[in-house]
Amino acid sequence: MPVSATVPESPAAPLTVLTEEERLFQATVRRFAREQIAPHVREMDEAAVFSKDILRQFFELGLMGIEIPEEYGGQGGSFFQCILAVEELSAVDPSAGVIVDVQNTIANNAILKWANADQKKRYLPRLARDTVASYALSEAGSGSDAFALATRAVEDGDRFLLTGRKLWISNAAEAGLFLLFANANPSAGYRGITAFLIEREFPGFQVGKKEDKLGIRASSTCELILDNCAVPKTNVLGEVGKGYKIAIETLNEGRIAIGSQMIGLARGALDHAVGYAKQRKQFGKTIGEFQGVQFELAKMATEVEAARLLVYNAARLRDAGHPFVTEAAMAKYFSSEIAEKVASKAIEVFGGVGVTREYPVEKLYRDAKIGRIYEGTSNIQLVTIAKQLLG
Ligand SMILES: Cc1cc2nc3c(=O)[nH]c(=O)nc-3n(C[C@H](O)[C@H](O)[C@H](O)COP(=O)(O)OP(=O)(O)OC[C@H]3O[C@@H](n4cnc5c(N)ncnc54)[C@H](O)[C@@H]3O)c2cc1C
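Now for a description of the structure that goes with this document. Since we're looking at a predicted model, the values are computed, not measured.

Procedures and definitions
Residues numbered from 1 in each chain as written. Predicted model: local features only at pLDDT ≥ 70, side-chain atom pairs only at ≥ 80, totals over all residues. Heavy atoms only, no water. Disulfide = S-S within 2.5 Å. Buried < 20%, exposed > 50% of the residue type's maximum accessible area, 1.4 Å probe, protein only. Near = heavy atom within 4 Å. Polar contact = N/O pair within 3.5 Å; in protein donor to acceptor, adjacent residues only side chain to side chain. Areas by Shrake-Rupley, 256 points an atom, 1.4 Å probe, with all protein chains shown as cover. Helix = DSSP H or I, 4+ residues; strand = E, 2+ residues; numbered from the N terminus. Contact = heavy atoms within 4.5 Å.

1. A closer look at the state of the cysteines
At step 1: For the structure on display, the rule yields 0 disulfides.
At step 2: The thiol of Cys 222 is unpaired, and the distance to the nearest cysteine sulfur, on Cys 229, comes to 16 Å.
At step 3: A relative accessible area of 1% places Cys 222 in the buried class.

Quick look at the structure:
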(Lines give C-alpha, C1' and ligand atoms only; values in the text may rest on other atoms or scores of the structure.)
Protein backbone atom coordinates (compact mmCIF):
# COMPACT_ATOMS: atom_id res chain seq x y z
CA MET A 1 0.00 0.00 0.00
CA PRO A 2 1.19 3.56 -0.65
CA VAL A 3 2.65 5.19 2.44
CA SER A 4 3.84 8.78 2.88
CA ALA A 5 7.24 9.00 1.29
CA THR A 6 8.48 11.95 3.30
CA VAL A 7 8.06 13.28 6.80
CA PRO A 8 6.56 16.77 6.56
CA GLU A 9 8.69 19.53 8.03
CA SER A 10 5.74 21.28 9.61
CA PRO A 11 2.56 19.67 10.94
CA ALA A 12 0.39 18.69 7.98
CA ALA A 13 -2.90 20.58 7.67
CA PRO A 14 -6.05 18.43 7.88
CA LEU A 15 -7.18 17.57 4.36
CA THR A 16 -10.51 19.36 4.65
CA VAL A 17 -9.08 22.57 6.09
CA LEU A 18 -8.94 25.03 3.22
CA THR A 19 -6.67 28.00 2.75
CA GLU A 20 -8.34 31.41 2.84
CA GLU A 21 -8.16 31.61 -0.97
CA GLU A 22 -9.65 28.13 -1.38
CA ARG A 23 -12.43 28.91 1.09
CA LEU A 24 -13.42 32.12 -0.70
CA PHE A 25 -13.32 30.36 -4.05
CA GLN A 26 -15.46 27.51 -2.75
CA ALA A 27 -17.99 29.94 -1.25
CA THR A 28 -18.24 31.87 -4.53
CA VAL A 29 -18.86 28.75 -6.62
CA ARG A 30 -21.32 27.38 -4.05
CA ARG A 31 -23.34 30.60 -4.07
CA PHE A 32 -23.28 30.77 -7.87
CA ALA A 33 -24.45 27.15 -8.17
CA ARG A 34 -27.30 27.60 -5.70
CA GLU A 35 -28.48 30.97 -6.98
CA GLN A 36 -27.85 30.82 -10.73
CA ILE A 37 -27.85 27.12 -11.69
CA ALA A 38 -30.33 25.46 -9.32
CA PRO A 39 -33.44 27.20 -10.76
CA HIS A 40 -32.63 25.82 -14.25
CA VAL A 41 -31.55 22.25 -13.46
CA ARG A 42 -34.83 20.52 -14.17
CA GLU A 43 -35.52 22.40 -17.38
CA MET A 44 -31.98 21.74 -18.69
CA ASP A 45 -32.27 18.04 -17.82
CA GLU A 46 -35.61 17.72 -19.60
CA ALA A 47 -34.46 19.63 -22.68
CA ALA A 48 -31.06 17.88 -22.59
CA VAL A 49 -29.44 21.22 -23.36
CA PHE A 50 -27.09 23.23 -21.18
CA SER A 51 -27.99 26.92 -20.77
CA LYS A 52 -25.82 29.19 -22.95
CA ASP A 53 -26.27 31.91 -20.36
CA ILE A 54 -24.86 29.76 -17.54
CA LEU A 55 -21.98 28.73 -19.81
CA ARG A 56 -21.23 32.41 -20.43
CA GLN A 57 -21.25 32.98 -16.67
CA PHE A 58 -18.77 30.09 -16.21
CA PHE A 59 -16.33 32.06 -18.38
CA GLU A 60 -17.07 35.36 -16.64
CA LEU A 61 -16.41 33.78 -13.24
CA GLY A 62 -13.14 32.29 -14.45
CA LEU A 63 -14.39 28.73 -13.99
CA MET A 64 -13.28 27.63 -17.47
CA GLY A 65 -9.67 28.65 -16.97
CA ILE A 66 -8.95 27.94 -13.32
CA GLU A 67 -5.35 26.78 -13.79
CA ILE A 68 -4.59 28.95 -16.83
CA PRO A 69 -1.97 31.53 -15.80
CA GLU A 70 -3.11 35.13 -15.44
CA GLU A 71 -0.86 36.22 -18.33
CA TYR A 72 -3.22 34.27 -20.64
CA GLY A 73 -6.36 35.62 -18.99
CA GLY A 74 -6.91 32.68 -16.61
CA GLN A 75 -7.22 32.54 -12.84
CA GLY A 76 -3.72 31.21 -12.09
CA GLY A 77 -5.32 28.79 -9.60
CA SER A 78 -4.54 25.25 -8.53
CA PHE A 79 -5.75 21.80 -9.53
CA PHE A 80 -7.29 21.56 -6.07
CA GLN A 81 -9.44 24.59 -6.89
CA CYS A 82 -10.70 22.77 -10.00
CA ILE A 83 -11.70 19.93 -7.69
CA LEU A 84 -13.54 22.33 -5.37
CA ALA A 85 -15.37 23.91 -8.32
CA VAL A 86 -16.48 20.55 -9.76
CA GLU A 87 -17.69 19.42 -6.31
CA GLU A 88 -19.73 22.58 -5.69
CA LEU A 89 -21.29 22.60 -9.15
CA SER A 90 -22.08 18.89 -9.02
CA ALA A 91 -23.85 19.22 -5.67
CA VAL A 92 -26.43 21.23 -7.64
CA ASP A 93 -26.03 19.79 -11.15
CA PRO A 94 -23.49 17.10 -12.13
CA SER A 95 -23.91 18.19 -15.79
CA ALA A 96 -22.51 21.59 -14.85
CA GLY A 97 -19.76 19.79 -12.95
CA VAL A 98 -18.63 17.69 -15.90
CA ILE A 99 -18.50 20.66 -18.31
CA VAL A 100 -16.09 22.49 -16.00
CA ASP A 101 -14.28 19.22 -15.26
CA VAL A 102 -13.52 18.36 -18.90
CA GLN A 103 -12.46 21.92 -19.72
CA ASN A 104 -10.07 22.31 -16.80
CA THR A 105 -8.77 18.93 -15.77
CA ILE A 106 -8.27 17.21 -19.11
CA ALA A 107 -8.33 19.78 -21.94
CA ASN A 108 -6.68 22.90 -20.45
CA ASN A 109 -4.51 20.68 -18.28
CA ALA A 110 -3.01 18.85 -21.28
CA ILE A 111 -2.44 22.10 -23.16
CA LEU A 112 -0.77 23.72 -20.14
CA LYS A 113 1.56 20.76 -19.80
CA TRP A 114 2.33 19.83 -23.41
CA ALA A 115 1.71 22.82 -25.68
CA ASN A 116 4.60 24.87 -27.07
CA ALA A 117 4.77 28.64 -26.54
CA ASP A 118 2.99 29.42 -29.82
CA GLN A 119 0.11 27.02 -29.10
CA LYS A 120 -0.28 28.41 -25.58
CA LYS A 121 -0.43 31.93 -26.98
CA ARG A 122 -3.01 30.93 -29.59
CA TYR A 123 -5.32 28.82 -27.44
CA LEU A 124 -5.06 29.55 -23.71
CA PRO A 125 -6.57 33.07 -23.89
CA ARG A 126 -9.50 31.68 -25.90
CA LEU A 127 -10.04 28.79 -23.47
CA ALA A 128 -10.10 31.21 -20.54
CA ARG A 129 -12.35 33.71 -22.35
CA ASP A 130 -15.01 32.01 -24.45
CA THR A 131 -14.02 28.69 -26.02
CA VAL A 132 -15.30 25.36 -24.70
CA ALA A 133 -12.95 22.39 -25.17
CA SER A 134 -13.50 18.65 -25.64
CA TYR A 135 -11.20 15.70 -25.11
CA ALA A 136 -11.63 13.10 -27.85
CA LEU A 137 -10.06 9.71 -27.25
CA SER A 138 -12.85 7.09 -27.28
CA GLU A 139 -14.22 5.40 -30.39
CA ALA A 140 -16.86 2.75 -31.06
CA GLY A 141 -14.22 0.02 -31.01
CA SER A 142 -11.93 1.45 -28.35
CA GLY A 143 -13.21 2.37 -24.89
CA SER A 144 -11.38 0.67 -22.02
CA ASP A 145 -8.80 -0.44 -24.60
CA ALA A 146 -8.36 3.20 -25.60
CA PHE A 147 -5.11 2.75 -27.50
CA ALA A 148 -6.79 0.45 -30.02
CA LEU A 149 -8.19 3.62 -31.60
CA ALA A 150 -8.73 3.46 -35.36
CA THR A 151 -8.63 7.16 -36.33
CA ARG A 152 -5.68 7.65 -38.65
CA ALA A 153 -3.44 10.67 -39.28
CA VAL A 154 -1.58 10.73 -42.58
CA GLU A 155 1.27 13.18 -43.16
CA ASP A 156 0.68 15.53 -46.11
CA GLY A 157 3.28 18.28 -46.45
CA ASP A 158 2.90 20.77 -43.64
CA ARG A 159 -0.29 19.16 -42.34
CA PHE A 160 -1.86 15.86 -41.29
CA LEU A 161 -5.05 14.50 -42.79
CA LEU A 162 -7.19 12.78 -40.15
CA THR A 163 -9.90 10.25 -40.92
CA GLY A 164 -12.08 8.35 -38.46
CA ARG A 165 -14.89 8.68 -35.94
CA LYS A 166 -14.88 9.51 -32.25
CA LEU A 167 -17.73 8.53 -29.94
CA TRP A 168 -18.99 9.78 -26.57
CA ILE A 169 -17.28 13.16 -26.67
CA SER A 170 -18.38 15.38 -23.78
CA ASN A 171 -18.89 19.12 -24.39
CA ALA A 172 -18.76 18.51 -28.16
CA ALA A 173 -22.01 20.35 -28.98
CA GLU A 174 -20.61 23.56 -27.47
CA ALA A 175 -16.88 23.10 -28.07
CA GLY A 176 -14.72 25.25 -30.32
CA LEU A 177 -11.52 23.27 -29.69
CA PHE A 178 -10.98 19.51 -29.64
CA LEU A 179 -7.97 17.76 -28.17
CA LEU A 180 -8.15 14.66 -30.35
CA PHE A 181 -6.07 11.50 -30.53
CA ALA A 182 -5.26 9.71 -33.80
CA ASN A 183 -2.65 7.19 -34.84
CA ALA A 184 0.01 8.60 -37.20
CA ASN A 185 1.94 5.34 -37.41
CA PRO A 186 -0.26 2.27 -36.89
CA SER A 187 2.67 -0.12 -37.45
CA ALA A 188 4.19 1.26 -34.23
CA GLY A 189 1.02 0.39 -32.28
CA TYR A 190 0.25 2.75 -29.41
CA ARG A 191 3.55 4.52 -30.06
CA GLY A 192 1.94 6.01 -33.17
CA ILE A 193 -0.78 7.77 -31.18
CA THR A 194 -0.54 11.53 -31.57
CA ALA A 195 -2.51 14.37 -29.96
CA PHE A 196 -3.92 17.11 -32.21
CA LEU A 197 -5.54 20.47 -31.47
CA ILE A 198 -8.49 20.71 -33.82
CA GLU A 199 -10.61 23.79 -34.30
CA ARG A 200 -14.28 23.19 -35.01
CA GLU A 201 -14.01 25.04 -38.33
CA PHE A 202 -11.14 22.95 -39.72
CA PRO A 203 -12.12 21.47 -43.13
CA GLY A 204 -13.20 17.83 -42.92
CA PHE A 205 -14.29 18.07 -39.27
CA GLN A 206 -17.87 17.64 -38.17
CA VAL A 207 -19.73 17.16 -34.89
CA GLY A 208 -22.21 14.32 -35.40
CA LYS A 209 -25.12 12.80 -33.51
CA LYS A 210 -25.79 13.82 -29.91
CA GLU A 211 -26.60 10.97 -27.50
CA ASP A 212 -29.92 10.87 -25.62
CA LYS A 213 -28.80 9.74 -22.17
CA LEU A 214 -30.02 8.38 -18.84
CA GLY A 215 -28.16 10.97 -16.77
CA ILE A 216 -26.06 14.13 -17.03
CA ARG A 217 -28.46 14.87 -19.86
CA ALA A 218 -27.62 18.56 -20.12
CA SER A 219 -23.97 17.74 -20.75
CA SER A 220 -23.63 17.10 -24.48
CA THR A 221 -22.10 13.79 -25.60
CA CYS A 222 -21.54 13.58 -29.35
CA GLU A 223 -19.94 11.67 -32.15
CA LEU A 224 -17.15 13.39 -34.13
CA ILE A 225 -16.59 12.69 -37.81
CA LEU A 226 -13.23 13.32 -39.46
CA ASP A 227 -13.03 12.98 -43.22
CA ASN A 228 -9.54 13.92 -44.38
CA CYS A 229 -9.64 16.65 -41.76
CA ALA A 230 -6.69 18.95 -42.46
CA VAL A 231 -4.72 19.76 -39.32
CA PRO A 232 -1.58 21.92 -39.60
CA LYS A 233 1.56 20.31 -38.16
CA THR A 234 1.78 23.31 -35.87
CA ASN A 235 -1.31 21.86 -34.14
CA VAL A 236 0.34 18.63 -33.03
CA LEU A 237 0.31 18.73 -29.22
CA GLY A 238 3.62 17.47 -27.85
CA GLU A 239 5.52 15.12 -30.15
CA VAL A 240 4.24 12.85 -32.89
CA GLY A 241 3.87 9.37 -31.35
CA LYS A 242 3.70 10.67 -27.77
CA GLY A 243 -0.06 11.10 -27.63
CA TYR A 244 -0.43 7.94 -25.55
CA LYS A 245 1.59 9.58 -22.78
CA ILE A 246 -0.53 12.73 -22.93
CA ALA A 247 -3.71 10.62 -22.79
CA ILE A 248 -2.56 8.53 -19.81
CA GLU A 249 -1.25 11.46 -17.82
CA THR A 250 -4.26 13.69 -18.34
CA LEU A 251 -6.74 10.91 -17.56
CA ASN A 252 -4.87 10.06 -14.37
CA GLU A 253 -5.53 13.62 -13.24
CA GLY A 254 -8.99 13.95 -14.77
CA ARG A 255 -10.31 10.99 -12.86
CA ILE A 256 -9.69 12.80 -9.56
CA ALA A 257 -12.18 15.38 -10.84
CA ILE A 258 -14.72 12.67 -11.68
CA GLY A 259 -14.31 11.61 -8.04
CA SER A 260 -15.06 15.21 -7.16
CA GLN A 261 -18.14 15.25 -9.38
CA MET A 262 -19.35 12.16 -7.54
CA ILE A 263 -18.75 13.50 -4.01
CA GLY A 264 -20.56 16.70 -4.99
CA LEU A 265 -23.47 14.68 -6.33
CA ALA A 266 -23.59 12.51 -3.20
CA ARG A 267 -23.46 15.54 -0.92
CA GLY A 268 -26.27 17.14 -2.90
CA ALA A 269 -28.42 14.02 -2.48
CA LEU A 270 -27.62 13.82 1.24
CA ASP A 271 -28.51 17.50 1.79
CA HIS A 272 -31.86 17.01 0.07
CA ALA A 273 -32.54 13.90 2.17
CA VAL A 274 -31.67 15.68 5.44
CA GLY A 275 -33.90 18.63 4.51
CA TYR A 276 -36.81 16.32 3.73
CA ALA A 277 -36.31 14.22 6.87
CA LYS A 278 -36.70 17.36 8.98
CA GLN A 279 -40.06 18.32 7.52
CA ARG A 280 -41.90 15.14 6.41
CA LYS A 281 -44.23 13.86 9.14
CA GLN A 282 -45.49 10.32 9.69
CA PHE A 283 -46.94 8.81 12.88
CA GLY A 284 -47.12 12.35 14.29
CA LYS A 285 -43.35 12.91 14.08
CA THR A 286 -40.85 14.11 11.49
CA ILE A 287 -39.29 11.06 9.82
CA GLY A 288 -35.87 12.37 10.96
CA GLU A 289 -36.95 11.52 14.52
CA PHE A 290 -36.98 7.81 13.67
CA GLN A 291 -33.70 6.11 14.39
CA GLY A 292 -34.04 3.97 11.26
CA VAL A 293 -33.93 7.13 9.13
CA GLN A 294 -31.22 8.77 11.27
CA PHE A 295 -28.94 5.76 10.83
CA GLU A 296 -29.34 5.81 7.08
CA LEU A 297 -28.45 9.52 6.96
CA ALA A 298 -25.48 8.95 9.28
CA LYS A 299 -24.13 6.15 7.05
CA MET A 300 -24.57 8.30 3.95
CA ALA A 301 -22.71 11.21 5.58
CA THR A 302 -19.86 8.90 6.60
CA GLU A 303 -19.50 7.57 3.07
CA VAL A 304 -19.49 11.05 1.55
CA GLU A 305 -16.81 12.15 4.01
CA ALA A 306 -14.63 9.09 3.35
CA ALA A 307 -14.88 9.66 -0.41
CA ARG A 308 -14.10 13.35 -0.01
CA LEU A 309 -10.91 12.53 1.91
CA LEU A 310 -9.77 10.24 -0.92
CA VAL A 311 -10.51 12.88 -3.56
CA TYR A 312 -8.92 15.77 -1.65
CA ASN A 313 -5.84 13.71 -0.83
CA ALA A 314 -5.32 12.68 -4.46
CA ALA A 315 -5.71 16.30 -5.59
CA ARG A 316 -3.37 17.62 -2.90
CA LEU A 317 -0.78 14.95 -3.82
CA ARG A 318 -1.01 16.01 -7.47
CA ASP A 319 -0.55 19.70 -6.63
CA ALA A 320 2.40 18.90 -4.36
CA GLY A 321 4.12 16.91 -7.13
CA HIS A 322 3.88 13.55 -5.33
CA PRO A 323 2.86 10.26 -7.03
CA PHE A 324 -0.93 10.06 -7.05
CA VAL A 325 -2.00 7.53 -9.71
CA THR A 326 -3.18 4.80 -7.31
CA GLU A 327 -4.85 7.32 -5.02
CA ALA A 328 -6.63 8.88 -8.02
CA ALA A 329 -7.94 5.47 -9.10
CA MET A 330 -9.13 4.73 -5.54
CA ALA A 331 -10.78 8.15 -5.29
CA LYS A 332 -12.69 7.70 -8.54
CA TYR A 333 -13.61 4.09 -7.83
CA PHE A 334 -14.88 4.72 -4.31
CA SER A 335 -16.62 8.05 -4.97
CA SER A 336 -18.58 6.68 -7.90
CA GLU A 337 -19.63 3.63 -5.89
CA ILE A 338 -20.90 5.68 -2.96
CA ALA A 339 -22.54 8.33 -5.17
CA GLU A 340 -24.86 5.74 -6.64
CA LYS A 341 -25.57 4.27 -3.20
CA VAL A 342 -26.15 7.61 -1.47
CA ALA A 343 -28.41 8.89 -4.27
CA SER A 344 -30.39 5.64 -4.10
CA LYS A 345 -30.76 5.92 -0.30
CA ALA A 346 -31.79 9.56 -0.66
CA ILE A 347 -34.69 8.48 -2.87
CA GLU A 348 -35.75 6.01 -0.17
CA VAL A 349 -35.72 8.76 2.47
CA PHE A 350 -38.11 10.72 0.24
CA GLY A 351 -40.37 7.69 -0.13
CA GLY A 352 -42.75 7.76 -3.10
CA VAL A 353 -42.12 11.35 -4.08
CA GLY A 354 -38.43 10.49 -4.41
CA VAL A 355 -39.01 8.74 -7.72
CA THR A 356 -40.91 11.67 -9.24
CA ARG A 357 -39.43 14.52 -11.22
CA GLU A 358 -40.96 17.00 -8.78
CA TYR A 359 -38.05 16.32 -6.42
CA PRO A 360 -34.35 16.52 -7.28
CA VAL A 361 -33.10 13.14 -6.04
CA GLU A 362 -34.25 10.93 -8.93
CA LYS A 363 -32.11 13.03 -11.28
CA LEU A 364 -29.06 12.71 -9.04
CA TYR A 365 -29.58 8.94 -9.02
CA ARG A 366 -29.66 8.91 -12.83
CA ASP A 367 -26.62 11.22 -12.96
CA ALA A 368 -24.62 8.95 -10.64
CA LYS A 369 -24.49 6.00 -13.04
CA ILE A 370 -21.95 7.53 -15.41
CA GLY A 371 -19.38 7.93 -12.61
CA ARG A 372 -18.56 4.23 -12.78
CA ILE A 373 -18.12 4.33 -16.53
CA TYR A 374 -16.32 7.35 -17.99
CA GLU A 375 -12.62 8.20 -17.66
CA GLY A 376 -12.01 4.52 -16.96
CA THR A 377 -14.71 2.13 -15.70
CA SER A 378 -14.64 0.86 -12.11
CA ASN A 379 -12.95 -2.31 -13.36
CA ILE A 380 -10.21 -0.28 -15.03
CA GLN A 381 -9.63 1.64 -11.76
CA LEU A 382 -9.37 -1.70 -9.96
CA VAL A 383 -6.82 -2.88 -12.55
CA THR A 384 -4.70 0.19 -11.73
CA ILE A 385 -4.99 -0.35 -7.97
CA ALA A 386 -4.25 -4.08 -8.25
CA LYS A 387 -1.17 -3.39 -10.40
CA GLN A 388 0.20 -1.21 -7.63
CA LEU A 389 -0.48 -3.96 -5.08
CA LEU A 390 0.90 -6.86 -7.06
CA GLY A 391 3.52 -5.17 -9.23
C1 LIG B 1 -21.69 10.19 -21.07
C2 LIG B 1 -20.32 9.80 -21.54
C3 LIG B 1 -19.35 10.77 -21.71
C4 LIG B 1 -18.08 10.42 -22.17
N5 LIG B 1 -17.15 11.40 -22.42
C6 LIG B 1 -16.00 11.08 -23.06
C7 LIG B 1 -15.11 12.10 -23.51
O8 LIG B 1 -15.34 13.30 -23.31
N9 LIG B 1 -14.00 11.72 -24.18
C10 LIG B 1 -13.70 10.43 -24.44
O11 LIG B 1 -12.67 10.17 -25.07
N12 LIG B 1 -14.52 9.43 -24.01
C13 LIG B 1 -15.65 9.73 -23.34
N14 LIG B 1 -16.51 8.72 -22.92
C15 LIG B 1 -16.18 7.32 -23.18
C16 LIG B 1 -15.87 6.55 -21.91
O17 LIG B 1 -14.62 6.92 -21.40
C18 LIG B 1 -15.98 5.05 -22.23
O19 LIG B 1 -17.36 4.77 -22.42
C20 LIG B 1 -15.40 4.19 -21.14
O21 LIG B 1 -14.00 4.31 -21.09
C22 LIG B 1 -15.76 2.70 -21.32
O23 LIG B 1 -15.54 2.27 -22.62
P24 LIG B 1 -16.69 1.46 -23.40
O25 LIG B 1 -17.93 2.26 -23.30
O26 LIG B 1 -16.19 1.15 -24.75
O27 LIG B 1 -16.88 0.15 -22.57
P28 LIG B 1 -16.00 -1.20 -22.72
O29 LIG B 1 -14.55 -0.88 -22.70
O30 LIG B 1 -16.54 -1.97 -23.87
O31 LIG B 1 -16.37 -1.96 -21.38
C32 LIG B 1 -17.55 -2.73 -21.22
C33 LIG B 1 -17.45 -3.47 -19.89
O34 LIG B 1 -16.31 -4.37 -19.92
C35 LIG B 1 -15.47 -4.11 -18.81
N36 LIG B 1 -14.05 -4.30 -19.18
C37 LIG B 1 -13.43 -3.89 -20.32
N38 LIG B 1 -12.13 -4.21 -20.28
C39 LIG B 1 -11.92 -4.85 -19.09
C40 LIG B 1 -10.79 -5.42 -18.45
N41 LIG B 1 -9.58 -5.39 -19.01
N42 LIG B 1 -10.95 -5.99 -17.24
C43 LIG B 1 -12.17 -6.02 -16.64
N44 LIG B 1 -13.27 -5.49 -17.18
C45 LIG B 1 -13.15 -4.91 -18.40
C46 LIG B 1 -15.74 -2.65 -18.43
O47 LIG B 1 -15.40 -2.42 -17.06
C48 LIG B 1 -17.22 -2.52 -18.71
O49 LIG B 1 -17.95 -2.98 -17.60
C50 LIG B 1 -17.77 9.06 -22.42
C51 LIG B 1 -18.76 8.08 -22.22
C52 LIG B 1 -20.02 8.43 -21.81
C53 LIG B 1 -21.07 7.34 -21.68
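2. Digging into the site of the ligand
At step 1: Taken together, 17 residues are adjacent to the ligand, and Tyr 135, Ser 138, Ser 144, Trp 168 and Thr 377 come closest.
At step 2: In the environment of the ligand, a nitrogen atom lies 2.7 Å from a nitrogen or oxygen atom belonging to the backbone of Tyr 135.
At step 3: Contact distances for the ligand include 2.6 Å between an oxygen atom and a side-chain N or O atom of Ser 144.
At step 4: When the ligand sits alone it has 970 Å² of accessible area, and the protein chains cover 64% of it.
At step 5: Those elements giving two or more residues to the shell around the ligand turn out to be strand E1 (133-136) and strand E3 (159-170).
At step 6: Considering every element that reaches the shell around the ligand, the biggest residue donor is E3, with 3 residues.

3. Describing the side chain of Asn 109
At step 1: Mapping Asn 109 onto the fold places it in helix H5 (residues 94-114).
At step 2: What Asn 109 contacts, discounting residues up to four positions off in sequence, is Phe 79, Asn 104, Glu 253 and Arg 318.

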